[in-house]
Amino acid sequence: MLLIDCPYCGKRPEVEFHCGGEAHIARPETPAEIADADWGSFLYYRTNPKGVHAERWLHGHGCGRWFNALRDTVSDAFVATYEMGAPRPDVAPENAKA
Amino acid sequence: MRRFSLKSLLQEASSGHQGWERQWRAPEPKKEYDVIVVGGGGHGLATAYYLATVHGVTNVAVLEKGWIGGGNTGRNTTIVRSNYLFDESAGLYEHAMKLWEGLSQELNYNVMFSQRGVLMLAHNHHDVISFKRHVYANRLNGIDNEWLSPEECKAYCPPLSISPELRYPVLGGALQRRGGTARHDAVAWGYARGADARGVDIIQNCEVLGLKRHPDGSVAGVETSRGTIGAKRVGVVAAGHTGVVMGRFGLRMPVESVPLQALVSEPVKPVFPCVVMSNAVHAYISQSDKGELVIGAGTDQYVSYSQQGGIQIINHTLDAICELFPQFGRMRMLRSWGGIVDVTPDRSPILGKTPIEGLFVNCGWGTGGFKATPGSGHVFAHTLATGEPHKINAPFSLDRFRTGRLIDEAAAAAVAH
């Protein structure tokens, strides 16, 4: 089980959290005007990296707040956590092999 | 290829089994192939086999990063069934089921296909309605599936508890009698042996690093850890690593890779006659011919390539198993492991063309690809040989994530399946 460092509550076990999928995906502002491929890309295509992944987490059984995290998908280790709305921190370059 | 028969077995038995040949070669890669299959799991090997046997395309290489059958082919819970809701899925999985039924004879290799029946339990009113709908939809598609009352479930699977006191009581079940299990390693080995005998080169320890393209953009070959290999067509069948391989080719894929876990108990005498699945409490269980209870758990909630997964996932499954089958409460678990599965947004696979001319993909089987192995290989071989999808796999195009024509088995099953 992973220990996750909630930016509001500190280190808590994984079972208190829910993963909300990839972070920093902006909904297109004018869906009716963009190409089907772009809308499909927004809906269905994710980065799915073998390496550092930016994702959203909810501390549902804790403070109840959302935050973002960088996690290495090879080791499952958390690299950093940061607040929603903040830009992705510039740590640990993407795994070159991915 | 030396065929297995009673005669060859008796001959070898009388001479100390010294005369058996290796079942496939370990060739050096050639300069060029007509078709390269990336990924030496069950689906990739089946693809190569049917390319050679059905389409006469024998100048084929299967490139495998590790060893054949070492990924999800050797990690699944070996369940075979075809009772999917939608017509497209029913067509694909039933195609596979029909091939399973003759596979040992076809390959001259015992894949231990055992049609012991797959019983899917309903635990609430919604399950009952949904499973009955599956039963009727399957029958319209010519696929056997029948509804059993709780007492009939108990008669079919005596270890099952149908006590109304259970947290999730059994309200009935959908039984596909033609469903069952097969020996997963033997499937990979049987296809490998059959493909190799017809001239397919199976090249292990050969990781694909990039794609070579002609000036017009079409496929010219692949860059690998063992040098550049030319190819007219390339089919990527890399399961959980499809996204990684396609990323090296400059393409994004609508899949996410997550760990799926399974575990086996200590071996015991035959106690469990069929396969039981429960979507609501999330457990699948059968007994292998070695005697181990084979138990399938769920996926983790996040993208991962770690091939392990959280302990809470298997605990959750074992809680459900112990409630449904109280007598297993004192069994000890021997081993647990994880495999990385590539999950699509609609939980249906992707089988067909890509935006690159000459590059094809067979992926997105998610948590339930083993059952489709023969059918997947058969229709993907057609796609690679002709350049166009077979009518069975045409609906499973990559393009459906642009057009919106999804095959939403995610909504139909409501869980990993």
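Structural notes, computed from the coordinates. (Residues numbered from 1 in each chain as written. Chains lettered and ligands numbered in written order. Predicted model: local features only at pLDDT ≥ 70, side-chain atom pairs only at ≥ 80, totals over all residues. Heavy atoms only, no water.)

## A closer look at the overall build of chain A
A tally of regular secondary structure across chain A gives one helix and six strands. Helices and strands in chain A line up, N terminus first, as β-β-β-α-β-β-β. Projecting the C-alpha coordinates of chain A onto the three principal axes gives extents of approximately 45 × 35 × 20 Å. In chain A, which comprises 98 residues, the share counted as buried stands at 35%. Within chain A, counting contacts between residues at least 6 apart in sequence, those at least 24 apart form 44% of the total. In the structure as shown, chain A presents an accessible area of about 5,400 Å², 51% of it carried by carbon and sulfur atoms. A distance of 5 Å separates the average location of the 10 positive side-chain charges in chain A from that of its 14 negative side-chain charges. (Helix = DSSP H or I, 4+ residues; strand = E, 2+ residues; numbered from the N terminus. Buried < 20%, exposed > 50% of the residue type's maximum accessible area, 1.4 Å probe, protein only. Contact = heavy atoms within 4.5 Å. Areas by Shrake-Rupley, 256 points an atom, 1.4 Å probe, with all protein chains shown as cover. Lys, Arg positive; Asp, Glu negative; His and termini not counted. Charge placed at Lys NZ, Arg CZ, Asp CG, Glu CD.)

## A closer look at the packing of aromatic side chains
In this description, a pair of aromatic rings is defined by centroid distance and the angle of the planes. Overall, the coordinates contain 18 aromatic pairs over all chains when judged by the stated rule. Seen in terms of ring centroids, A:Trp39 and A:Phe42 are 5.1 Å apart; in terms of plane orientation they differ by 40 degrees. Their pairing is tilted. Taken as a pair, A:Trp39 and A:Phe42 lie in helix H1 (residues 36-44) at a separation of three residues, close to a single helical turn. A:Phe42 gets classed as buried once you look at its relative accessible area, which sits at 18%. Look at B:Tyr84 and B:Tyr93: their rings are 3.9 Å apart centre to centre, the planes differ by 5 degrees, and that puts the pair in the stacked class. Across the pair, exposure class does not vary: B:Tyr84 and B:Tyr93 are buried alike. Over the ring of A:Tyr8 we find A:Arg65, and its NZ or CZ is 3.8 Å from the ring centre. (Phe/Tyr/Trp six-rings, centres within 6.5 Å; stacked < 30°, edge-to-face > 60°. Lys NZ or Arg CZ within 6 Å of the ring centre and 35° of its normal.)

## Brief notes about helix H2 (residues 42-55) of chain B
Residue and element names in this part refer to chain B. The end-to-end C-alpha distance of H2, which contains 14 residues, comes to 19 Å, matching closely the 20 Å that a straight helix rising 1.5 Å per residue would cover. Among the 14 residues of H2, 11 are classified as buried, and the element is accordingly described as predominantly covered. Among the residues of H2, Gly42, His43, Gly44, Leu45, Ala46, Thr47, Ala48, Tyr49, Tyr50, Leu51 and Ala52 are the ones counted as buried. (Expected span 1.5 Å × (residues − 1).)

## Examining unusual backbone geometry
Residues and elements named next belong to chain B. In the Ramachandran plot, Met112 falls in the positive-phi region, its phi being about 55 degrees despite a non-glycine side chain. Note on placement: Met112 falls in the loop between helix H4 (103-107) and strand E4 (118-122). Under the relative-accessibility criterion, Met112 is labelled partly exposed at 31%. Here Arg347, not a glycine, exhibits a phi torsion of approximately 60 degrees, which is positive.

## As for the state of the cysteines
A full pass over the atoms with the stated rule returns zero disulfides over all chains. Its sulfur unpaired, A:Cys6 is 3.8 Å from the next cysteine sulfur, which belongs to A:Cys63. The thiol of B:Cys157 is not disulfide-bonded; the next cysteine sulfur, from B:Cys274, is found 3.8 Å away. (Disulfide = S-S within 2.5 Å.)

## What about the environment of B:Glu357?
Residue and element names in this part refer to chain B. In this fold, Glu357 is placed in the loop between strand E17 (350-353) and strand E18 (359-363). Linking Glu357 and Val234, residues 123 residues apart in sequence, is a C-alpha distance of 9.6 Å. Not counting residues within four places of it along the chain, the set of residues in contact with Glu357 comprises Ser218 and Val219.

## Concerning the packing of H2(B) against helix H7 (residues 184-197) of chain B
How two helices pack is summed up by the angle between their axes together with the distance between the axes. All names here are of chain B. The interhelical angle for the contact between H2 and H7, taken along N-to-C directions, is 30 degrees, at an axis separation of 8 Å. Taken together, the axes of H2 and H7 are roughly parallel relative to one another. Of the two elements, H2 crosses H7, and the hand of that crossing is left-handed. Contact residues: Gly42, Leu45, Ala46, Ala48, Tyr49 and Tyr50 in H2; Ala188, Tyr191, Ala192, Gly194 and Ala195 in H7. Per-class residue counts for the contact of H2 with H7 are nine nonpolar, two polar and no charged. (Axes fitted to C-alpha atoms, helices over the stretch in contact; angles between N-to-C directions. Parallel < 35°, antiparallel > 145°, perpendicular 65-115°, else oblique. Left-handed = near helix turned anticlockwise from the far one by under 90°. Nonpolar A, V, L, I, M, F, W, Y, C, P; charged D, E, K, R; others polar.)

## Topic: H1(A)
All of the buried residues in H1(A) are A:Gly40, A:Phe42 and A:Tyr44. Along the axis of H1(A), the buried residues cluster in a sector spanning 165 degrees; they form a single face. Where the residues of H1(A) are buried, they touch helix H11 (400-403) of chain B. (Arc of directions from axis to C-beta.)

## Focus: the sheet that holds strand E6 (residues 78-83) of chain A
Residues and elements named next belong to chain A. Read from one edge to the other, the open sheet built from four strands follows the order E3-E4-E5-E6, with strand pairing classed as antiparallel. At either margin of the open sheet sits one strand with a lone partner, and together these are strand E3 (18-22) and E6. Sheet twist, expressed as the mean angle between neighbouring strand axes with direction ignored, is 30 degrees. Two strands pair when backbone bridges link them, and strand E4 (residues 52-58) and strand E5 (residues 66-72) are joined in this way by seven bridges, in the antiparallel orientation. The residue bridging His53 from the neighbouring strand is Arg71, located in E5. (Pairing = 2+ DSSP bridges.)

## Topic: the nonpolar core
Residue and element names in this part refer to chain B. Among the nonpolar cores identified, the biggest contains 48 residues, and Leu45, Val60, Trp100, Val111, Tyr191 and Val200 are the most heavily contacted of them. Elements represented by at least two residues in this core include exactly strand E1 (32-38), H2, strand E2 (60-63), helix H3 (87-101), H4, H7 and helix H10 (373-386). Examining the composition of this core, we find that seven residues originate from one element, H2, more than from any other. Contact partners of Val60, with chain neighbours within four places excluded, come to Tyr33, Val35, Val37, Ala48, Leu51, Gly199, Val200 and Asp201. Listed in part, the 31 residues of the second largest apolar core include Tyr33, Val222, Ala231 and Val255. (Core = buried A, V, L, I, M, F, W, Y, C linked by side-chain atoms within 4.5 Å.)

## Remarks on the interface of chain B and chain A
At the interface, 26 residues of chain B touch 26 residues of chain A. The contact between chain B and chain A buries some 2,300 Å² in all, and 48% of this surface belongs to carbon and sulfur atoms. At the junction of chain B and chain A, the tally comes to zero salt bridges. At the level of secondary structure, the elements contributing two or more residues to the side of chain B that touches chain A comprise helix H8 (242-248), strand E12 (256-265), helix H9 (311-324) and H11 of chain B. Per-element tally for the side of chain B that touches chain A: the top contributor is H8(B), with three residues. Here the residues of the side of chain B that touches chain A are counted per class, giving 12 nonpolar, eight polar and six charged. (Buried area = accessible area lost by both parts, 1.4 Å probe. Salt bridge = Lys/Arg side-chain N within 4 Å of Asp/Glu carboxyl O.)

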